[in-house]
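Summary of the model geometry
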Amino acid sequence: MVVLLLTVVSLQANDEVKLTASAPNTVIMGQPFQITFTANAKVSDFKAPAITNFDILAGPFKSESFSTQIINGNMTSSTSITYTFTLQAQKTGTFTIPSATITSNGQKYTSSGLSIKVLPEDDQSAPSSSSSSSSSSSASSSSAEASISASNLFIRPIYSRTNVFEQEAIKLTYKLYTTYDVVQFSNKSMPDFKGFLKQEFERTGNTQLAYENYNGRNFLTAVLYEVILYPQSAGELVVDKALFEAIIRVQSRKPVRSIFDDFFESYTNVAKSVEVPPTKIKIKELPSGKPSNFQGVVGQYNMTSSISSNQIKVNEAVTLKVNISGSGNMKLLKNPDFKFPDDFEVYDPKVNNNFKTASSGLSGNKTIEIMFIPRHAGTYEIPSTEMSYFDPVTQQYKSLKTPIYSIQVLKSDGTVEDRPVVSNFSNKEDVKQLGTDIRYIYTGKINLQNEEVYIFEHFKYWLLYIVPLLISLILYLLLRKQIKDNADIVMVKNRKANKVARKRLKFAKKLLDAGDKEKFYEEVMKAVWSYLSDKLSIPIAVINKDTIKENLVSLNIDEKLIARLNEILFTCEFARFAPGSGQQEMGNLYEETINVISELEDVVKK
């Protein structure tokens, strides 16, 4: 026991002590809210911050929790001590709550400060709907949906810019505004963004709700969808309508039937479609004076380059690295076009894109690494390469250049430049001198042979082609009827219906012997349904007792046989959940099913 307590104490001592502060980002004037300070260790002293611009309605209230877990022999222990204040804002604006301080094991720890935005109360003169989710007296979802007002639930398309050039990034945000209790929302139909290239934001975690004051009223807001758009042409472009669906939790008020009904409230979820109308955006044409190497890149960029070495030996590798960073339509960036000397062996570039989506478009950097190997000694130059782009901030075309690189290639040790050389490009070894020896001419006796006859001049050669063709033709004539029959899927299913049913019934027999009642009845019922589906050419998705009866009657099947078939289906449906089915009854049903399918197989002709 002592060892266990020492282990717990040591685990707590090893944890890093933290004091965490939390509060809503936005609050409404006149409405109380809470802030908390949470420590993950035992606290001997807590000093609250000096709170101004807020009235302290209650607190601090202290709550403690301790837990210990042992998983696979590993013990973990945690402590949580929370101090809670209830506040109310004195005025609107954005205010800061200073840090709090705790003392634990003789050490002091401080929390981070909090920034809280206080929104004004709802403007009573602002337009609002008199209907609300709590005042709906209808129990049907259609009437509840009708009571949801568009002024209390709507979605705004928010554009980061409305006056842009071609290829300049526009951030489009669909933002939900509501006074209802929205449980869930989803995108039902999004625009195809014709005339734009799009880059969607990657969503991580759950969508966060926050208060926002809009047109004098306070709404709960949530960002539903964000995308970066790059207009591909000048003029007026249209973003088509979008359709979302919100699931709203609506209170239902039913007639009171007992004294206890007044203490409970029931709620229902109502689906409400919210449409965002189409919007138009005017796009400006890029100004004249485009550089000859301009390829439509718009944004703000920087370019740096470096080379791994300026002095190397023949057949040694060199790497030229170019880094382009900035923001804009970076996916249009192309690799720099360097003009390497003919004596260089150049490999395909290695490209690494490190982009992230931001309000200004894609930002980040693109790195291009080009490896090359000089094959001859000498002094060489790699000319400068240029990249042009349009800066929408300065509204000017700009160019970025790499420097001219001079490389001195030295001779490899032991090589002679004026002799023939062979380069091993795969392993980049030094140039090797070819051997100067000449192979000896053979002077021995040479036996001459008669000219050979080619095989295609023999009759046996042609038989190798003719015989297989004749066999193939005979097989085709003999088997073409079978091939034609197998091509008719309906006929194949009809012909194999009995075989498939008996295979299922064989498996049902194993379930019968094992005493698995529910699966036995389920397998018998599947055998009957699949047999009738294949035999009568009725899709399994639409087959039912009525369609079966109509088809069997049209085939002049005896009504007693149809009644026995219906009895089997009814017994299977009922007996799967009936507690009194015994082994004997299951055996009787099994035998009856085989008999009925056999009789149907004899009389049904397709």
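First, a word on what this report is: a plain description of the structure on this page.

Calculation criteria
- Residues numbered from 1 in each chain as written.
- Predicted model: local features only at pLDDT ≥ 70, side-chain atom pairs only at ≥ 80, totals over all residues.
- Heavy atoms only, no water.
- Phe/Tyr/Trp six-rings, centres within 6.5 Å; stacked < 30°, edge-to-face > 60°.
- Helix = DSSP H or I, 4+ residues; strand = E, 2+ residues; numbered from the N terminus.
- Buried < 20%, exposed > 50% of the residue type's maximum accessible area, 1.4 Å probe, protein only.
- Core = buried A, V, L, I, M, F, W, Y, C linked by side-chain atoms within 4.5 Å.
- Contact = heavy atoms within 4.5 Å.
- Salt bridge = Lys/Arg side-chain N within 4 Å of Asp/Glu carboxyl O.
- Polar contact = N/O pair within 3.5 Å; in protein donor to acceptor, adjacent residues only side chain to side chain.
- Pairing = 2+ DSSP bridges.
- Axes fitted to C-alpha atoms, helices over the stretch in contact; angles between N-to-C directions.

1. Examining the packing of aromatic side chains
Counted under the stated rule, the structure contains 21 aromatic pairs. For the ring pair Phe-37 and Phe-46, a centre distance of 6.1 Å and an interplane angle of 50° mean the geometry is tilted. Relative to Phe-390, the ring of Phe-165 has its centre 5.1 Å away and its plane inclined at 70°; by these criteria the two rings are edge-to-face. Of this pair, Phe-165 sits in strand S12 (residues 163-165) while Phe-390 sits in strand S29 (residues 386-391), and the two are 225 residues apart along the sequence. When sorted by exposure, Phe-165 lands in the same class as Phe-390, which is buried.

2. Some thoughts on the nonpolar core
Residues Phe-520, Leu-532, Leu-552, Leu-565 and Leu-600 are the most contacted members of the largest nonpolar core, which totals 34 residues. Elements that contribute at least two residues to this core include exactly helix H4 (489-514), helix H5 (517-536), helix H6 (545-554), helix H7 (559-575) and helix H8 (583-603). Setting aside residues up to four positions removed in sequence, Leu-600 forms contacts with Tyr-531, Leu-532, Leu-552, Ile-557, Leu-561 and Leu-565. If you look at the next biggest cluster of nonpolar residues, it comprises 31 residues, including Ile-312, Leu-320, Ile-324 and Phe-338.

3. Brief notes about the pattern of salt bridges
Scanning all chains against the criterion turns up 14 salt bridges. One salt bridge connects Glu-226 with Lys-171, and the closest N-O pair in it is separated by 3.1 Å. Within this pair, whereas Glu-226 is found in strand S17 (residues 217-231), its partner Lys-171 is found in strand S13 (residues 170-178), the two being separated by 55 residues in sequence. We classify Lys-171 as buried; its relative accessible area is 16%. If you follow the salt bridges from partner to partner, you end up with Arg-564, Glu-592 and Glu-599 in one network.

4. Section: the environment of Ser-65
The topology assignment puts Ser-65 in strand S5 (residues 54-71). Here Ser-65 falls in the partly exposed class, since its relative accessible area comes to 40%. As a C-alpha pair, Ser-65 and Thr-82 span 17 residues in sequence and 8.8 Å in three-dimensional space.

5. What about the side chain of Thr-26?
Considering the arrangement of structural elements, one finds Thr-26 in strand S2 (residues 26-28). Residue Thr-26 is classed as buried on the basis of its relative accessible area, which comes to 15%. Engagement of the side chain of Thr-26 in a polar contact is seen with the backbone nitrogen of Tyr-211, the distance being 3.1 Å. Those residues in contact with Thr-26, other than ones at most four positions away along the chain, are Lys-117, Ala-210 and Tyr-211.

6. Notes on the sheet that holds S2
Taking strand neighbours across the sheet as the criterion, the 3 strands line up as S2-S10-S7 in an open arrangement whose pairing is mixed. Because the sheet does not close on itself, it has two edges, and the strands there are S2 and strand S7 (93-97). Pairs of neighbouring strands in the sheet enclose a mean axial angle of 30°, with direction left out of account. The sheet contact formed by S7 and strand S10 (residues 114-119) spans 5 bridges and is antiparallel. Paired with Ile-97 across the two strands is Leu-114, which belongs to S10.

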